[in-house]
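# Analysis of the macromolecular model
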Amino acid sequence: MLKSFALSKQYTHIYYITTWNIGFHFDPINIIRYDIYLIYDYIIVQSLSILLSVYFLFIVLIIGRSTTLEWRENPLLESLWTLYPTIIIIFIVFPSIQTLYKITQETPYFFSLKILGHQWYWSYDYRDILNVVFDSYTIPSEIIDLGETRLLDVDNRIILPISLPIQILITSYDVIHSFSLPRVGVKVDCNPGYLNIYKNIFLQPGLYYGLCREICGSAHSQISITCEITTLSLFKSWIKSFL
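Let me sum up the structure you'll find in this document. (Residues numbered from 1 in each chain as written. Predicted model: local features only at pLDDT ≥ 70, side-chain atom pairs only at ≥ 80, totals over all residues. Heavy atoms only, no water.)

## Topic: a nonpolar patch on the surface
The grouping of Tyr55, Phe58, Ile59, Ile62 and Ile63 at the surface amounts to a nonpolar patch, some 540 Å² of accessible area in total. Mapped onto the elements, isoleucine 62 comes out in helix α2 (residues 31-63). Given a relative accessible area of 43%, isoleucine 62 falls into the partly exposed group. (Patch = residues over 30% accessible without salt bridge, like charges linked within 9 Å, V, L, I, M, F, W, Y side chains within 5 Å. Areas by Shrake-Rupley, 256 points an atom, 1.4 Å probe, with all protein chains shown as cover. Salt bridge = Lys/Arg side-chain N within 4 Å of Asp/Glu carboxyl O. Helix = DSSP H or I, 4+ residues; strand = E, 2+ residues; numbered from the N terminus. Buried < 20%, exposed > 50% of the residue type's maximum accessible area, 1.4 Å probe, protein only.)

Here you go:
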């Protein structure tokens, strides 16, 4: 196992998995994930408004059946039920495009991390800053240690610094994978022969888990991701350990 730091000794806000821990994957830790979270809540509110409108019309039709049976045409009502969904779509599109722009915009970055998906493990390439390339496999349930998370902990973690822009280059060696770290706001497809680019700034140190979100074969459930976000000083110490 490559050298990494025991975050449980450094930070007190590590999110441990417990039964029915609904917020384990969804609490945002950076700006992009927070924006995605807000859009999700916003769309839920819009969906509830549609549901309540339909429910209200349904009640009106049931109560006033003798009146509504005489309806033949109503230009105002027809205009409203055409205009109302259009307005809702416009209110959903603008914040979505704004967040998409933040994800894809060209910004300076500290270094590039290249990620290569395999059946069924990940390879991480740090050669932009040091000559280190390593593979990461999910720890089998038979040999997992106390305190490690079954089917989520890996033998070699991604180590990244806090508060610095990182460019992540993602591709695949064999079949289509999907690199996903929900709390970090990362979900990028890994296509053979095609390079996807993702940039982000990590604002909260901790240990974050993810999985491949694209069915990639018989061991799809065993291609896990563990990302360790640490301070810049500890990240530099980790780099020096390979020199």
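## Some words on the sheet that holds strand β2 (residues 121-125)
Pairing within the open sheet is mixed, and its five strands lie in the order β3-β2-β1-β5-β8. Only two strands of the sheet have a single partner each, and these edge strands are β3 (133-136) and β8 (196-201). Direction aside, neighbouring strands of the sheet carry axes that sit 25 degrees apart on average. Pairing of strand β1 (residues 111-118) with strand β5 (residues 165-172) involves seven bridges; the strand directions are parallel. Following the sheet pairing, isoleucine 115 is matched in β5 by isoleucine 170. (Pairing = 2+ DSSP bridges. Axes fitted to C-alpha atoms, helices over the stretch in contact; angles between N-to-C directions.)

## Here we look at the pairing of β2
A regular strand carries its side chains on alternate faces of the sheet. Of all the five residues making up β2, five are buried; the element is thus mostly covered by neighbouring parts of the structure. Of the two faces of β2, the one lined by Tyr121, Ser123 and Asp125 and the one lined by Trp122 and Tyr124 are each fully buried. Linkage of β1 to β2, two consecutive antiparallel strands, is achieved through a turn of two residues.

## Focus on the environment of tyrosine 173
Structurally, tyrosine 173 can be placed in the loop between β5 and β6 (177-181). Take tyrosine 173: its relative accessible area is 60%, and that puts it in the exposed class. A C-alpha to C-alpha distance of 10.0 Å links tyrosine 173 and tyrosine 194, two positions 21 residues apart in sequence. Each residue touching tyrosine 173, except ones within four places of it in the same chain, is listed here: Leu116, Gly117 and His118. (Contact = heavy atoms within 4.5 Å.)

Functional significance is not addressed by these values, which are geometric in nature.
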